[in-house]
Number of protein chains: 2
Amino acid sequence: MGIIGVIISAKDRKGFLRDISTVISAHDINITYVQQFLQDGVAQIYLELEDVEDAERLLDEIKGVPDVISLKTYRPFEQIYGKRVIVIGGGAQVSQVVLGAVTEADRHNIRGERISVDTIPLVGEEKLAEAVRAVGRLHRASTLVLAGSIMGGEVVDAVKELKEEHGIPVISLNMAGGVPDVSDLVITDPVQAGVMAVMAVSDTAKFDIKKAKDKRF
Amino acid sequence: MGIIGVIISAKDRKGFLRDISTVISAHDINITYVQQFLQDGVAQIYLELEDVEDAERLLDEIKGVPDVISLKTYRPFEQIYGKRVIVIGGGAQVSQVVLGAVTEADRHNIRGERISVDTIPLVGEEKLAEAVRAVGRLHRASTLVLAGSIMGGEVVDAVKELKEEHGIPVISLNMAGGVPDVSDLVITDPVQAGVMAVMAVSDTAKFDIKKAKDKRF
């Protein structure tokens, strides 16, 4: 039993995903991820399937769905790109956070882990709040680092929501505004904030964000 | 007509996605993205739907599917996190590429664009080749930067595949191995490689990767 990735190439038509999901759900298999795109007029549907017991039989049945052209299996994204540290913010500090996070992730990944660092440079209360909330819907998001010199207002509410509703820890730079007060960890140096974010999601590092709670570095 | 994001909270059961996609496909609407996750025992299904004409009526019908608890709509990821510049590689250079890319994306995003920079630090021929191929399946991937001092063998085949099958341009550092020869653009300075990658995907920059083709910077 495991997670597998599959790309189904098929004639582009509406209702195709319904037909595919009908076959898959008959096998008591969970579809955790789907992405559809067109390529030279051919529909490509990438799926990740959980609790697959008999992959061969399942794939044979999918091949029997009308308009399927071909199938190809892959390892799921989790095993290729791993956990995601998300960095949101703007100005000089956002690139310094990322510098720290990518350098630290490189040190972990070279020893067999898989940690990604994904960044959207963004400023403005409303835009930041929307981007912070959307982290809760992002695939494989493990932790969020907020990089800037002032964040408050609606961003504070978004941080609370992300922590409470999605259980995603938030690391904040030691900045003006209300965001540091509601974050799990406050760090002054942006490079260190990136490094510690990666340590927090790593399987091998001894750093536990829960133990560091309410400390300011 | 547009793209909308929806989160459906529902009782966790197999076959739920089939039931939802049955309702949606009856409306002649395309499901372009689906992600399922569990939260406190409640299934959360995030969908992005294309060609939605009457959102209100559609959402009302979805609410009628057995076991639906609640619905919430959002702007799609494309409008929040935008296009993705993907950076893959290892060592000192990968964090310098990202430094350049994030700094440049910050300059574009502050003027209203949305460009993300997503990085997986990784080394080793086989691992790199797999990660390069997987860019073709990534949501919103716009361009790839390969950051390292030597890449060849299977990575060369993966780069060719990504360009030919998925139309994703590849920027390579000026490194040893066969990868620079098959890339769209070769850049010596890693910071500049990051900057140019963002310029290449930007709507406002005047840089055209096709015109720079076969030049080495």
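A closer look at the interface of chain B and chain A
Thought 1: Facing the 61 residues of chain B at the interface are 61 residues of chain A.
Thought 2: Surface buried jointly by chain B and chain A totals about 5,500 Å² across both partners, of which 54% is contributed by carbon and sulfur atoms.
Thought 3: Interface area lost by chain B to chain A is led by Lys14, Tyr81 and Arg137 of chain B, which between them contribute 15%.
Thought 4: Across the contact surface, chain B and chain A share two salt bridges.
Thought 5: Close ionic contact of glutamate 130 of chain B with arginine 75 of chain A constitutes a salt bridge, the shortest N to O distance being 2.8 Å.
Thought 6: Connecting chain B to chain A are 30 residue pairs in polar contact (both at pLDDT 80 or more).
Thought 7: Those elements that provide at least two residues to the side of chain B that touches chain A are helix H1 (16-25), strand S2 (30-39), strand S3 (42-52), helix H3 (77-80), helix H4 (91-109), strand S6 (115-121), helix H5 (125-134) and helix H6 (154-166) of chain B.
Thought 8: When residues in the side of chain B that touches chain A are grouped by element, the largest group, eleven residues, is from H4 of chain B.
Thought 9: Among the residues forming the side of chain B that touches chain A, the class breakdown is 28 nonpolar, 20 polar and 13 charged.

Brief notes about the confidence of the model for chain A
Thought 1: On average, residues of chain A carry a pLDDT of 93, and 100% of them reach 70 or more.
Thought 2: Interface predicted TM-score (ipTM) for the complex: 0.94; the corresponding pTM is 0.94.

A few points about the sheet that holds strand S9 (residues 185-187) of chain B
Thought 1: The ten strands lie next to each other as S9(A)-S8(A)-S7(A)-S5(A)-S6(A)-S6(B)-S5(B)-S7(B)-S8(B)-S9(B), forming an open sheet whose pairing is mixed. Of all strands in the sheet, those with a lone pairing partner are strand S9 (185-187) of chain A together with S9 of chain B, marking the two edges. Here the strands of the sheet are splayed against their neighbours by 20° on average, with no regard to which way each runs.
Thought 2: Note that strand S8 (residues 170-173) of chain A and S9 of chain A share three bridges and pair parallel. For serine 172 of chain A, the partnering residue across the bridge sits in S9 of chain A and is valine 186 of chain A.
Thought 3: Where H4 of chain B meets the sheet, its contacts fall on strand S6 (115-121) of chain A together with strand S5 (83-89), S6, strand S7 (141-147) and strand S8 (170-173) of chain B, and the angle it forms with S6 of chain B comes to roughly 170°.

Remarks on the pattern of salt bridges
Thought 1: Per the counting criterion, the structure on display carries 26 salt bridges over all chains.
Thought 2: The residue arginine 18 of chain A makes a salt bridge to aspartate 19 of chain A at a minimum N-O spacing of 3.1 Å.
Thought 3: On the accessibility criterion, arginine 18 of chain A (27% relative accessible area) is partly exposed.
Thought 4: Overall, the relative accessible area of 21% leaves aspartate 19 of chain A in the partly exposed class.
Thought 5: A salt bridge links aspartate 19 of chain B to arginine 13 of chain B, with the nearest nitrogen and oxygen atoms 2.9 Å apart.
Thought 6: Sharing partners across several salt bridges, the network here consists of Arg13, Arg18, Asp19 and Asp67 of chain A.

A closer look at the side chain of arginine 114 of chain B
Thought 1: Structurally, arginine 114 of chain B is set in the loop between H4 and S6.
Thought 2: One buried charge, arginine 114 of chain B, has no salt-bridge partner; the nearest side chain with opposite charge is glutamate 130 of chain A, at 4.2 Å.
Thought 3: Reaching out from arginine 114 of chain B, the side chain makes a polar contact with the backbone oxygen of isoleucine 80 of chain B at a distance of 2.9 Å.
Thought 4: In this structure, arginine 114 of chain B is in contact with Leu122, Lys127 and Glu130 of chain A together with Arg75, Gln79, Ile80, Tyr81, Gly82, Lys83 and Asn109 of chain B, ignoring residues within four places of it in sequence.

What counts as what
Residues numbered from 1 in each chain as written. Chains lettered and ligands numbered in written order. Predicted model: local features only at pLDDT ≥ 70, side-chain atom pairs only at ≥ 80, totals over all residues. Heavy atoms only, no water. Contact = heavy atoms within 4.5 Å. Buried area = accessible area lost by both parts, 1.4 Å probe. Salt bridge = Lys/Arg side-chain N within 4 Å of Asp/Glu carboxyl O. Polar contact = N/O pair within 3.5 Å; in protein donor to acceptor, adjacent residues only side chain to side chain. Helix = DSSP H or I, 4+ residues; strand = E, 2+ residues; numbered from the N terminus. Nonpolar A, V, L, I, M, F, W, Y, C, P; charged D, E, K, R; others polar. pLDDT = per-residue confidence, 0-100. Pairing = 2+ DSSP bridges. Axes fitted to C-alpha atoms, helices over the stretch in contact; angles between N-to-C directions. Buried < 20%, exposed > 50% of the residue type's maximum accessible area, 1.4 Å probe, protein only. Lys, Arg positive; Asp, Glu negative; His and termini not counted.

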